[in-house]
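Notes for the structure review
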Amino acid sequence: MADAKVIPFGEDPRARRKDGTRAPRARRDQAPLRPVPPPRAEGEPAVEPPVADGGGDDGPGAAGAGSWEQRLAGGLNFLRRRITGDYEVDDFGFDEELTDQVLMSLLRPVYESYFRVEVRGIEHVPSTGGALIVANHSGTVPLDGLMLQVAVHDNHPADRHLRLLAADLVFKLPVISELARKAGHTLACAEDAQRLLERGELVGVMPEGFKGIGKPFSERYKLQRFGRGGFVSTALRARVPIVPCSIVGAEEIYPMIGNSKTLARLLGFPYFPITPTFPLLGPLGAVPLPTKWTIQFGEPIATDGYSPEAADDPMLMFNLTDQVRETIQHTLYKLLVRRRSVFF
């Protein structure tokens, strides 16, 4: 790949200083301050202060024009590399450049303006090394995983990427499977998860699976069974911390009031949702409701103090799994009590 820094199609407002910290965002409602002229004597003609021209000889628009030229050049350079194959992916298919410049840019407006996601406890996510983020799963359509991925990347000081473990159905769908691989997702199996964790990656898992996203609206925010604790065993073998994560807001985007099992069997889906708007309103009913989301990361649960044989202890697996589940459930209840409205 080229050594030059790639400039994305649109400038990311999360600019960084030279020391690696984030620079504060510029407020759109703040105009640049103009110099105040000194007091003048009576009868003296008023003199307007000089207006800065951006430091160039081509007028006020020179800096802006140069910026657009850089964006255009960066975009064309990006397209050239995609066409010629001059880019890199890892052995799982993760394309970091495409994820940063395209996929994140597409998800970010939904994250910031539609669901207005509020993130808490991001300091509990390690800045380096592997860690397993365990979250609740809901929403009928698994948008919560994508929003969690944006939350980690955009709020963590190190801009870390979250590698989500996805069900095999995701990798059987055309187009979706390829995009999932490019975004860093991989099959939800212990072998892949352990390899990623041992390489120092952040791995995300939602142990409820289809039981979580396919549950009826009447059971919202009630965690389903977390399986046999396979994610705990993987974390113990890789000796990485487990970070509980609670997501509020996703349950209401598609209120599932029914499930057509016949259509689900015909289409090969685990369930076929019926909501107040779908399939009654057709494609319009597939638009999620604009709920207000909160994502909270809890304190990490250390695993490096256990012996290597601990991963094969079923009682320990049960206890740690129950601890993670209860932590997430308790945090969900606390967030719901504080929530004033589903949409605001």
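Residues numbered from 1 in each chain as written. Predicted model: local features only at pLDDT ≥ 70, side-chain atom pairs only at ≥ 80, totals over all residues. Heavy atoms only, no water.

The name an unreviewed UniProt entry gives the protein is Acyltransferase family protein, with Streptomyces buecherae as the organism.

Quick notes on the packing of aromatic side chains
Remark: the centre distance and the inter-plane angle together describe each pair of aromatic rings, the angle taken between the planes. Taken as a whole and assessed by the stated rule, the structure comprises four aromatic pairs. Consider the rings of Tyr 114 and Phe 115, whose centres lie 5.2 Å apart with planes at 75°: the pair is edge-to-face. Between Phe 272 and Phe 278, the ring centres sit 5.9 Å apart and the planes meet at 40°, which makes this aromatic pair tilted. What makes Phe 278 partly exposed here is its relative accessible area of 24%. In this structure an aromatic cluster arises from ring pairing among Tyr 114, Phe 115 and Trp 293. The aromatic ring of Tyr 87 is capped on one face by Arg 82, whose charged end is 3.7 Å from the ring centroid. The ring of Phe 171 carries the charged tip of Arg 181 above its face, separated from the ring centre by 4.4 Å. (Phe/Tyr/Trp six-rings, centres within 6.5 Å; stacked < 30°, edge-to-face > 60°. Buried < 20%, exposed > 50% of the residue type's maximum accessible area, 1.4 Å probe, protein only. Lys NZ or Arg CZ within 6 Å of the ring centre and 35° of its normal.)

Focus on the environment of Gly 129
Looking at where Gly 129 falls in the secondary structure, it is placed in the loop between β1 (118-120) and β2 (131-135). Exposure remark for Gly 129: the relative accessible area of 32% places this residue in the partly exposed category. Through-space distance from the C-alpha of Gly 129 to that of Leu 197 is 7.9 Å; in sequence the pair is 68 residues apart. Beyond its immediate sequence surroundings of up to four residues, Gly 129 is in contact with Arg 160, Gly 200 and Glu 201. (Helix = DSSP H or I, 4+ residues; strand = E, 2+ residues; numbered from the N terminus. Contact = heavy atoms within 4.5 Å.)

Some details on the packing of helix α2 (residues 96-114) against helix α3 (residues 143-155)
Two elements in contact, α2 and α3, have axes whose closest approach is 10 Å; the angle formed by their N-to-C orientations is 105°. In terms of orientation, α2 lies roughly perpendicular with respect to α3. In this structure, α2 uses Asp 100, Met 104, Leu 107, Arg 108, Val 110 and Tyr 111 to contact α3, whose residues at the interface are Leu 146, Met 147, Gln 149, Val 150, Ala 151, His 153, Asp 154 and Asn 155. Of the residues that constitute the contact of α2 with α3, the class distribution is eight nonpolar, three polar and three charged. (Axes fitted to C-alpha atoms, helices over the stretch in contact; angles between N-to-C directions. Parallel < 35°, antiparallel > 145°, perpendicular 65-115°, else oblique. Nonpolar A, V, L, I, M, F, W, Y, C, P; charged D, E, K, R; others polar.)

Some thoughts on a nonpolar patch on the surface
Where nonpolar side chains cluster on the molecular surface, the patch consists of Leu 173, Ile 176, Leu 263, Leu 266, Leu 267 and Phe 269 and spans about 540 Å² of accessible area. Counting residues per element, the nonpolar patch draws most heavily on helix α8 (residues 261-267), at three residues. One can find Leu 173 in the loop between β3 (162-166) and α4 (176-182). We classify Leu 173 as partly exposed; its relative accessible area is 30%. (Patch = residues over 30% accessible without salt bridge, like charges linked within 9 Å, V, L, I, M, F, W, Y side chains within 5 Å. Areas by Shrake-Rupley, 256 points an atom, 1.4 Å probe, with all protein chains shown as cover. Salt bridge = Lys/Arg side-chain N within 4 Å of Asp/Glu carboxyl O.)

Comments concerning the pattern of salt bridges
Inspection of every chain in the model, using the stated rule, returns 17 salt bridges. With a shortest N-O distance of 3.1 Å, Glu 118 and Arg 120 are connected by a salt bridge. On the basis of relative accessibility, which here comes to 32%, the residue Glu 118 falls in the partly exposed class. Using a relative accessible area of 28% as the deciding quantity, one classes Arg 120 as partly exposed. Asp 312 serves as the salt-bridge partner of Arg 237, at 2.7 Å between the closest nitrogen and oxygen. On the criterion of sequence distance, the pair formed by Arg 237 in helix α7 (residues 230-238) and Asp 312 in the loop between β9 (294-297) and α9 (314-338) is long-range, its members being 75 residues apart. Of the residues examined, Arg 237 reaches a relative accessible area of 40% and is grouped as partly exposed. Several salt bridges share partner residues, and in doing so they unite Asp 90, Asp 91, Arg 163, Asp 192, Arg 195, Arg 199 and Glu 201 into one network.

Some points on the sheet that holds strand β5 (residues 202-205)
Strands sit in the order β1-β9-β6-β2-β5-β3-β4 across an open sheet of seven strands; the sheet is mixed. Bordering the open sheet on either side are β1 and β4 (186-187), each of which pairs with just one other strand. Where β2 meets strand β6 (residues 242-248), four bridges bridge the pair, whose relative direction is parallel. Looking at β6, one finds that Ile 133 is bridged to Val 243. Taken strand by strand, α3 contacts β1, β2, β3, β5, β6 and β9, and its axis lies near 165° from that of β3. (Pairing = 2+ DSSP bridges.)

Comments concerning the nonpolar core
Counting 30 residues, the largest nonpolar core has Val 134, Phe 231, Leu 236 and Val 324 as its most contacted members. Elements with a minimum of two residues in this core: β2, α5 (190-198), β5, α7, β6 and α9. Of the residues forming this core, the biggest block, seven residues, is contributed by α9. Every residue in contact with Val 324, bar those within four places of it in the chain, is listed here: Val 134, Phe 226, Phe 231, Ile 242 and Ile 301. (Core = buried A, V, L, I, M, F, W, Y, C linked by side-chain atoms within 4.5 Å.)

Focus on the pairing of β5
Residues Leu 202 and Gly 204 point to one face of β5 and Val 203 and Val 205 to the other, with burial holding for every one of them. The pairing of β2 with β5 spans four bridges and is classified as parallel. Counted as the bridge partner of Val 134 is Val 205 from β5. As defined by bridge partners, β3 adjoins β5 across three bridges and the pair is classed as parallel. Bridge pairing links Leu 162 to Leu 202 in β5.

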